[in-house]
Amino acid sequence: QVQLAESGGGLVQPGGSLRLSCATSGFTFSTYWMYWVRQAPEKGLEWVSAINTDGTTTWYQDSVRGRFTISRDNAKNTVYLQMNSLKPEDTAVYYCNALRSGPRDVYNYWGQGTQVTVSS
């Protein structure tokens, strides 16, 4: 059974930091690209960051580049998102997403999300 469990969200003041974790099981984690995706109230999904299978390539949305850092530990089947200098506009539910595509199949798994609220 595939499971992705996010943790580490919460309420933080502007300028503060949080570290999100996504612990996974039930699939071969090291063969999947991992993404962090967020959804603010009454808005659509927004891709925030991505990391390739061995962690050597990362991507960030412009609004978070320089403030957020994605990483992964393939031995622990876990992906992380370190969020620094948080802003109120970072308030959202943060989801981790696992994706692997091949010539015939696409495997796409989602976690249940963790709430991040940035407010004074």
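Look above for the structure.
Now for a look at the structure at hand. (Residues numbered from 1 in each chain as written. Predicted model: local features only at pLDDT ≥ 70, side-chain atom pairs only at ≥ 80, totals over all residues. Heavy atoms only, no water.)

**Points about the pattern of salt bridges**
For the structure on display, the rule yields 4 salt bridges. Among the salt bridges present, the one from Asp90 reaches Arg38, with a minimum N-O distance of 3.0 Å. You can see Asp90 sitting in the loop between strand 8 (78-83) and strand 9 (92-101) and its partner Arg38 sitting in strand 4 (residues 33-39), a full 52 residues away along the chain. One continuous salt-bridge network, built from bridges that share partners, spans Arg38, Glu46, Arg67 and Asp90. (Salt bridge = Lys/Arg side-chain N within 4 Å of Asp/Glu carboxyl O. Helix = DSSP H or I, 4+ residues; strand = E, 2+ residues; numbered from the N terminus.)

**Description of the side chain of Thr24**
In this fold, Thr24 is placed in strand 3 (residues 18-25). In this structure the side chain of Thr24 is engaged in a polar contact, spanning 2.8 Å, whose partner is the backbone oxygen of Asn77. (Polar contact = N/O pair within 3.5 Å; in protein donor to acceptor, adjacent residues only side chain to side chain.)

**Some thoughts on the sheet that holds strand 7 (residues 68-73)**
The strand order across the open sheet built from 4 strands is 1-3-8-7, with neighbouring strands paired in antiparallel fashion. Two strands in the sheet have a free side with no partner beyond their single neighbour: strand 1 (3-7) and strand 7. Averaged over all pairs of adjacent strands, the angle between their axes in this sheet comes to 15°, without regard to strand direction. The sheet contact formed by strand 3 and strand 8 spans 6 bridges and is antiparallel. Directly across from Ala23, in strand 8, lies its bridge partner Thr78. (Pairing = 2+ DSSP bridges. Axes fitted to C-alpha atoms, helices over the stretch in contact; angles between N-to-C directions.)

**Regarding the packing of aromatic side chains**
Evaluated as defined, the whole model comprises 7 aromatic pairs. Measuring from ring centre to ring centre gives 6.5 Å for Phe27 and Phe29, while their planes differ by 55°; the resulting arrangement is tilted. Assigned by exposure class, Phe27 and Phe29 land together as buried. Ring centres of Phe27 and Tyr32 lie 4.8 Å apart, and the angle between their planes is 65°; this geometry places the pair in the edge-to-face category. By relative accessible area, which is 3% here, Tyr32 ends up buried. Members of the aromatic cluster, each reached through a chain of ring pairs, are Phe27, Phe29, Tyr32 and Tyr109. Taking the ring centre of Tyr80 as reference, the NZ or CZ of Arg19 above it sits at 4.0 Å. (Phe/Tyr/Trp six-rings, centres within 6.5 Å; stacked < 30°, edge-to-face > 60°. Buried < 20%, exposed > 50% of the residue type's maximum accessible area, 1.4 Å probe, protein only. Lys NZ or Arg CZ within 6 Å of the ring centre and 35° of its normal.)

Read these as spatial facts, not as claims about activity.
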